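Now for the letters of each chain:
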Amino acid sequence: MISKKVASRVAKPVVLIAEELSPATLDALGPDFEVRHCDGANRDELLTTLADGVDAVLIRSATKMDAEAIAAAKGLKIIARAGVGLDNVEIPAATAAGVMVVNAPTSNIVSAAELAIGLLLASARHISPAHAALRNGKWARSKYTGTELYEKTLGIVGFGRIGQLVATRMQAFGMRVIAYDPYLQPARAAQLGVHLLDLSDLLEQSDFITIHLPKTKETANLIGVDALKKVKPTVRIINAARGGVLDEAALFDAINEGRVAGAGIDVFATEPCTDSPLFTLDRVVATPHLGASTDEAQERAGIAVAVSVRKALAGELVPDAVNVKGGVIHKDVRPALPLVEKLAGVLVGLAGEVPVSIEVAVHGEIGAHDCSVLGISALKGALLGLGAEDVTYVNAPGIAHERGLVTTVTTDEISPDHRNIVTLNAALSRGVKISVSGTLMGIRQVQKIVAIDSYDLDLVPTENLIFLRYADRPGVVGSVGNILGKESINIAGMQVARDHLGGEALMAITVDSSVAPVVLEDLSRETGANLVRSVTLGA
């Protein structure tokens, strides 16, 4: 006989740590998981361990989670990369399998910015070759005369979070900062005292250039042969972002020919890189992709992905999961996600069938943001309400498509009665339409259902709900109370709304336990209600 203690341990979700991570990662995971370890760089060991059954896998850069590895991991729910880059994760394969992919996009921004600045200073003052010469017994002061940063122009290519950190720090050196970023609003740059220019003008004006762009089809070799023809011969170029954005062969030629004064390189088109022509040049200072290699960055990355794993395995949405439609979710939109899930659960519970479509109509301040993820939230809530299992924000669209359910999201920044209100409008196959509206009340963002069809309510969507629609007449409330009382079902709250005196009424009841079908039959018979539904919602 298996003891309760053993059974409890077996039931814990399994988290596989495939590479060495900060000890803080385990602390952040907590005691609710069975943690296993393997060498993710050892392919056979990785595949064997994944096949044993894991719910989550935590990796860095050495573990390749491709289609083969994902297929081997039956039941895998999340791949968490303790860092920024995801080149070693096959995201389409993960998405097809319903596996969430997350990283730690802000964990290393300070470390990366500081390394870029370190390379810039090292290049400006020839620190690396001067150090090497001194170690070889040479006192070569005159050979390594450098240049000051004060009153020079720094051109930042890619003015995102890291680029902005570099800008504020280098302004303290007395540098003039300009930037190129086609996706940034000039007003944001102006707030930081930085002028946005096109790339050509930046190349021509800069005394130093530092690159902070991701590697994409558009940015591959962006700083290449043609770009390096436009720069000053005294320019120094720093790349601590992604290899391949700066054309290494073109840079080698430009430095050899005196068209570029020097460079600081931390990333390479092919890594690991131990044999590059750039390493033969005294005017190049190079490091082996150390941008995120600080104790603090590794700890932040480990904690961030551990939190993501906890959320994902609890069935929650990880706001910056890379393969969830809508991308990063605005902080003002996030509280609406669980509300919309519950509204959708109520909606399908009332419908009693799979809707043909659900429109998510967002009104109020959050309508100014991208609310497309609320469509997925509605799909997830609807599918769970219809009895589907293992539904996530990743696979909900695919499951819904198989069932013929689609969603649309509309937004309007105007909301007459509430700061924000979300209405789900469902069309059913028999031509009937149902709507459920909800809002978030007060500082605590308390979830409330405020309307069902034309009936106004003020209802907290608790776990167990009962709805009745019936002809408005005396005695119905008493009958309902008697029936539930006989079944020892405690009523936590009750509301009755009606369209007009003697017309049709809607009763909404929150109860402390689930309701058996036989109880619903009794309620229908005793009240003459034309609709009696129980709805069970998640936490």
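### Some points on the overall build of the chain
(1) Moving on: Looking only at helices and strands, one finds 17 helices and 22 strands in the chain.
(2) Moving on: When the backbone C-alpha atoms are referred to their principal axes, the chain occupies close to 100 × 60 × 35 Å.
(3) Moving on: A buried classification covers 48% of the 539 residues belonging to the chain.
(4) Moving on: Taking the contacts inside the chain whose residues are at least 6 apart along the sequence as the reference set, 62% of them involve residues at least 24 apart.
(5) Moving on: Summed over all atoms, the accessible surface of the chain reaches about 25,800 Å², with 52% contributed by carbon and sulfur.
(6) Moving on: Counting 50 positive and 61 negative side-chain charges, the chain places the averaged centre of each group 4 Å from the other.

### With respect to the nonpolar core
(1) Moving on: Residues Val-346, Leu-374, Leu-424, Ile-452 and Phe-467 are the most contacted members of the largest nonpolar core, which totals 74 residues.
(2) Moving on: For this core, the element with the highest residue contribution is helix H13 (residues 336-351), accounting for 11 residues.
(3) Moving on: Beyond its immediate stretch of four places on either side in the chain, Val-346 contacts Val-436, Ile-449, Ile-452, Leu-465, Phe-467, Val-535 and Leu-537.
(4) Moving on: Ranked by size, the runner-up nonpolar core spans 30 residues in total, among them Leu-203, Val-235, Ala-263 and Val-284.

### Let's talk about unusual backbone geometry
(1) Moving on: The amide bond that connects Glu-271 to the next residue, Pro-272, takes the cis arrangement and shows omega of 0 degrees.
(2) Moving on: Take Pro-272: it is sitting in the loop between strand S11 (262-265) and strand S12 (284-286).
(3) Moving on: Phi is positive for Glu-151, which is not a glycine, with a value near 65 degrees.
(4) Moving on: Accessibility expressed as a relative area gives 60% for Glu-151, which makes it exposed.

### Side note on empty space enclosed by the protein
By rolling a water-sized probe across the atoms, one finds the places where empty space is left.
(1) Moving on: Counting across every chain of the model gives 2 cavities of 30 Å³ or more.
(2) Moving on: The computed volume of the largest cavity comes to approximately 50 Å³.
(3) Moving on: As for the largest cavity, its lining consists of Ala-122, Ser-123, His-126, Pro-129, Arg-236, Ala-261, Gly-262, Ala-263, Asp-282, Arg-283, Val-284 and Val-285.
(4) Moving on: Looking at the lining of the largest cavity, the elements that each hand over two or more residues are helix H6 (109-124), S11 and S12.
(5) Moving on: Considered class by class, the residues forming the lining of the largest cavity number 6 nonpolar, 3 polar and 3 charged.

### A word on the side chain of Thr-210
(1) Moving on: Along the chain, the position of Thr-210 falls in strand S9 (residues 208-211).
(2) Moving on: In this structure the side chain of Thr-210 is engaged in a polar contact, spanning 2.8 Å, whose partner is the side chain of His-212.

### Looking at the environment of Ala-56
(1) Moving on: Locating Ala-56 in the fold gives a position in strand S3 (residues 56-59).
(2) Moving on: On a C-alpha basis, the gap between Ala-56 and Ile-78 in space is 4.9 Å, while along the polypeptide they are 22 residues apart.

### Overview of the sheet that holds S9
(1) Moving on: An order of S8-S7-S6-S9-S10-S11-S12 is seen for the 7 strands of this open sheet, with the pairing classed as parallel. The open sheet terminates on both sides in strands that have one partner only, identified here as strand S8 (195-196) and S12.
(2) Moving on: Pairing between S11 and S12: 3 bridges, direction parallel. Bridge pairing links Gly-264 to Val-285 in S12.
(3) Moving on: Packed on one face of the sheet, helix H8 (residues 161-171) meets strand S6 (153-157), strand S7 (176-180) and S9 and runs near 170 degrees to S6.

### Some words on the packing of aromatic side chains
Two aromatic rings are characterised by how far apart their centres lie and by the angle between their planes.
(1) Moving on: In this structure the tally under the stated criterion is 1 aromatic pair.
(2) Moving on: Look at Phe-268 and Phe-279: their rings are 5.6 Å apart centre to centre, the planes differ by 85 degrees, and that puts the pair in the edge-to-face class. Linking Phe-268 in the loop between S11 and S12 with Phe-279 in the loop between S11 and S12, this pair joins segments that are 11 residues apart in sequence.

### With respect to the packing of H6 against H8
(1) Moving on: Relative orientation of the contacting elements H6 and H8 amounts to 50 degrees, with a least axis distance of 9 Å. Here H8 runs oblique to H6, going by the angle between their axes. Judged by the twist between their axes, the crossing of H6 over H8 is right-handed. In this structure, H6 uses Ile-109, Val-110, Ala-112, Ala-113, Ile-117 and Leu-120 to contact H8, whose residues at the interface are Arg-161, Ile-162, Leu-165, Val-166, Arg-169 and Met-170.
(2) Moving on: In terms of residue class, the contact of H6 with H8 is built from 10 nonpolar, no polar and 2 charged.

### Some words on helix H11 (residues 248-256)
(1) Moving on: Ala-250, Leu-251, Phe-252, Ala-254 and Ile-255 are the residues of H11 that are buried.
(2) Moving on: Where H11 begins, the side chain of Asp-247 points an oxygen toward the backbone nitrogen of Ala-249, at a separation of 3.1 Å.
(3) Moving on: After H11 finishes, the residue Gly-258 shows a positive phi value of roughly 80 degrees.

### Looking at the confidence of the model for the chain
(1) Moving on: Of all residues in the chain, 97% attain a pLDDT of 70 or more, and the chain-wide mean is 91.
(2) Moving on: Contacts for the low-pLDDT stretch residues 1-9, under 50 throughout, to residues beyond four places or in other chains number 2 contacts.

### Some thoughts on the sheet that holds strand S2 (residues 34-37)
Pairing between sheet strands relies on hydrogen bonds along the backbone, with the strands arranged either parallel or antiparallel.
(1) Moving on: Taken together, 5 strands build an open sheet; the order of strands is S2-S1-S3-S4-S5 and the sheet is parallel. In the strand order of this sheet, the two ends are held by S2 and strand S5 (100-102), each with one partner. Strand-to-strand twist in this sheet, taken as the mean axis angle between neighbours without regard to direction, amounts to 20 degrees.
(2) Moving on: Looking at chain direction, strand S4 (residues 78-81) and S5 are connected through 3 bridges and run parallel. In the sheet register, Ala-80 faces S5, and the bridge partner there is Val-102.

Definitions and limits used
Residues numbered from 1 in each chain as written. Predicted model: local features only at pLDDT ≥ 70, side-chain atom pairs only at ≥ 80, totals over all residues. Heavy atoms only, no water. Helix = DSSP H or I, 4+ residues; strand = E, 2+ residues; numbered from the N terminus. Buried < 20%, exposed > 50% of the residue type's maximum accessible area, 1.4 Å probe, protein only. Contact = heavy atoms within 4.5 Å. Areas by Shrake-Rupley, 256 points an atom, 1.4 Å probe, with all protein chains shown as cover. Lys, Arg positive; Asp, Glu negative; His and termini not counted. Charge placed at Lys NZ, Arg CZ, Asp CG, Glu CD. Core = buried A, V, L, I, M, F, W, Y, C linked by side-chain atoms within 4.5 Å. 1 Å grid on protein atoms, 1.4 Å probe; cavity = no way out; pocket = protein on both sides within 12 Å on 5 of 7 lines; lining within 4 Å. Points joined across faces, edges and corners; volume = space filled by probe spheres on them. Nonpolar A, V, L, I, M, F, W, Y, C, P; charged D, E, K, R; others polar. Polar contact = N/O pair within 3.5 Å; in protein donor to acceptor, adjacent residues only side chain to side chain. Pairing = 2+ DSSP bridges. Axes fitted to C-alpha atoms, helices over the stretch in contact; angles between N-to-C directions. Phe/Tyr/Trp six-rings, centres within 6.5 Å; stacked < 30°, edge-to-face > 60°. Parallel < 35°, antiparallel > 145°, perpendicular 65-115°, else oblique. Left-handed = near helix turned anticlockwise from the far one by under 90°. pLDDT = per-residue confidence, 0-100.

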